[in-house]
Amino acid sequence: LSVTGLSVSFSGVAALDGVDLEIRPGEMVALIGPNGAGKSTLIGLWLGLLDPDGGQATLGGLPPREAAARRRVGVMMQDVELTPELSVRELVALAASAYPAPLGVADVLSLTRLEPLAARRYGTLSGGQKRLVQFAVAVCGRPALLFLDEPTANLDVEAREALWCTVRAMVERGAGVVLTTHHLEEAEALAHRVAVLSRGRLLATGNVSAVRALVSH
């Protein structure tokens, strides 16, 4: 996963300005920065939802809009709407059907600790339970690259730990992970590397200690 010289503007205002960044297999990178820093725009470009004004984004060496590239990606964004009438099991099965070699539905439910909720309709779940279903949908296709946008919002401590245990196992098996968070402490606990965005510019990349020293100044 890489972007080179990536720039995009909306109504004449630069959302990203010459960003260069790479995420390697088996690496978790945290994108941090204030609201409006460009984090969501960068993810949108990586996912092929937006077109850059300049520069290039690639997924596994392919343009993000190509189906072969997208089939290697799992996504858990903040604002997600899933069909409320479907059960948890049905939603996972539906998402898994889009991938060439997905995990079995039973395996996904076990991995994400959703077995007790498998027959429940999505619309009847709590906010935290819905987040876990969204996570299950993101990981069911055995993604080589996983995008997690503020994934622990609305999760209790136990669910948060279960989610991160699953993510760490995926990283150990070679998946790349892009995590967005406002909390440097969360990045410190999870990420190999941190990328700091502000006003569309990449201010710094490095380990958490180096970035913390920069931010403190």
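Residues numbered from 1 in each chain as written. Predicted model: local features only at pLDDT ≥ 70, side-chain atom pairs only at ≥ 80, totals over all residues. Heavy atoms only, no water.

Asks: Looking at this model, I keep getting lost on the packing of helix α5 (residues 127–139) against helix α6 (residues 157–172). Mind explaining?
Replies: Running from N to C, α5 and α6 point in directions that differ by 10 degrees, and their axes come no closer than 11 Å. Considering their axes alone, α5 and α6 lie roughly parallel with respect to each other. The segment α5 lies against α6, with L132, F135 and V139 engaging A159, L163, T166, V167 and M170. In terms of residue class, the contact of α5 with α6 is made up of seven nonpolar, one polar and no charged. (Axes fitted to C-alpha atoms, helices over the stretch in contact; angles between N-to-C directions. Helix = DSSP H or I, 4+ residues; strand = E, 2+ residues; numbered from the N terminus. Parallel < 35°, antiparallel > 145°, perpendicular 65-115°, else oblique. Contact = heavy atoms within 4.5 Å. Nonpolar A, V, L, I, M, F, W, Y, C, P; charged D, E, K, R; others polar.)

Asks: How do you make sense of the sheet that holds strand β2 (residues 13–22) when you look at a structure like this?
Replies: Strands belonging to one sheet form pairs held by backbone hydrogen bonds; the direction of such a pair is parallel or antiparallel. Taking strand neighbours across the sheet as the criterion, the three strands line up as β2-β1-β4 in an open arrangement whose pairing is antiparallel. In this open sheet, the two edge strands, each paired with only one partner strand, are β2 and β4 (54–58). Ignoring strand direction, the axes of neighbouring strands in this sheet form an average angle of 30 degrees. Relative to β4, strand β1 (residues 2–10) runs antiparallel, the two sharing four bridges. (Pairing = 2+ DSSP bridges.)

Asks: Please explain the sheet that holds strand β7 (residues 176–181) as it appears in this structure.
Replies: Strand order in the open sheet made by the six strands is β5-β6-β7-β3-β8-β9, with mixed pairing throughout. Edge positions in the sheet fall to β5 (73–76) and β9 (201–206), since each of these pairs with one other strand and no more. Strand-to-strand twist in this sheet, taken as the mean axis angle between neighbours without regard to direction, amounts to 15 degrees. Across the sheet, α5 is in contact with β5 and β6 (145–149); its angle to β5 comes to roughly 170 degrees.

Asks: Quick question: what am I supposed to make of empty space enclosed by the protein here?
Replies: Empty space among the atoms becomes apparent when a probe as large as a water molecule is rolled across them. What the rule picks out here adds up to one cavity of 30 Å³ or more. The volume enclosed by the largest cavity comes to roughly 30 Å³. Looking at the largest cavity, the residues that line it are L111, T112, L132, F135, A159, A162, L163 and T166. Only α5 and α6 provide two or more residues apiece to the lining of the largest cavity. Examining the composition of the lining of the largest cavity, we find that four residues originate from one element, α6, more than from any other. Split into classes, the residues belonging to the lining of the largest cavity amount to six nonpolar, two polar and no charged. (1 Å grid on protein atoms, 1.4 Å probe; cavity = no way out; pocket = protein on both sides within 12 Å on 5 of 7 lines; lining within 4 Å. Points joined across faces, edges and corners; volume = space filled by probe spheres on them.)

Asks: Looking at this model, I keep getting lost on the pairing of β9. Mind explaining?
Replies: Every regular strand shows the same layout, with side chains that alternate between the two sheet faces. Relative to β9, strand β8 (residues 193–198) is paired through five bridges, and the arrangement is antiparallel. Bridged to S198 within β9 is R201. Between β8 and β9, which pair antiparallel in sequence order, lie two residues; one of them, R199, sits at a positive phi of approximately 50 degrees.

Asks: Help me understand the packing of aromatic side chains in this model?
Replies: Given two aromatic rings, one states the distance between the centres and the angle between the planes to describe the pair. By the definition in use, this model includes one aromatic pair. Here W46 and F147 contribute two aromatic rings whose centre-to-centre distance is 6.0 Å and whose plane-to-plane angle is 45 degrees, an arrangement assigned as tilted. Remark: F147 occurs in strand β6 and W46 occurs in helix α1 (residues 39–46); sequence separation between them is 101 residues. Like W46, the residue F147 is buried in the burial classification. The aromatic ring of Y122 is capped on one face by K130, whose charged end is 5.4 Å from the ring centroid. (Phe/Tyr/Trp six-rings, centres within 6.5 Å; stacked < 30°, edge-to-face > 60°. Buried < 20%, exposed > 50% of the residue type's maximum accessible area, 1.4 Å probe, protein only. Lys NZ or Arg CZ within 6 Å of the ring centre and 35° of its normal.)

Asks: Before we go on, may I ask you to explain the side chain of D149 in this structure?
Replies: Here D149 lies in strand β6. Separated by 3.5 Å, the side chains of D149 and Q78 make a polar contact. Non-local contacts of D149, meaning those with residues more than four positions away in its chain, are made with S40, M76, M77, Q78, R131 and T180. (Polar contact = N/O pair within 3.5 Å; in protein donor to acceptor, adjacent residues only side chain to side chain.)

Asks: Looking at this structure, how should I read the layout of surface pockets?
Replies: By volume, the largest pocket amounts to about 450 Å³. Lining the largest pocket we find 19 residues, and of these V73, G74, V75, Y99 and V137 sit closest to its centre. The biggest single contributor to the lining of the largest pocket is β5, with four residues. Its residues assigned to classes, the lining of the largest pocket shows 15 nonpolar, two polar and two charged.

Any link to function would need more than the numbers given here.
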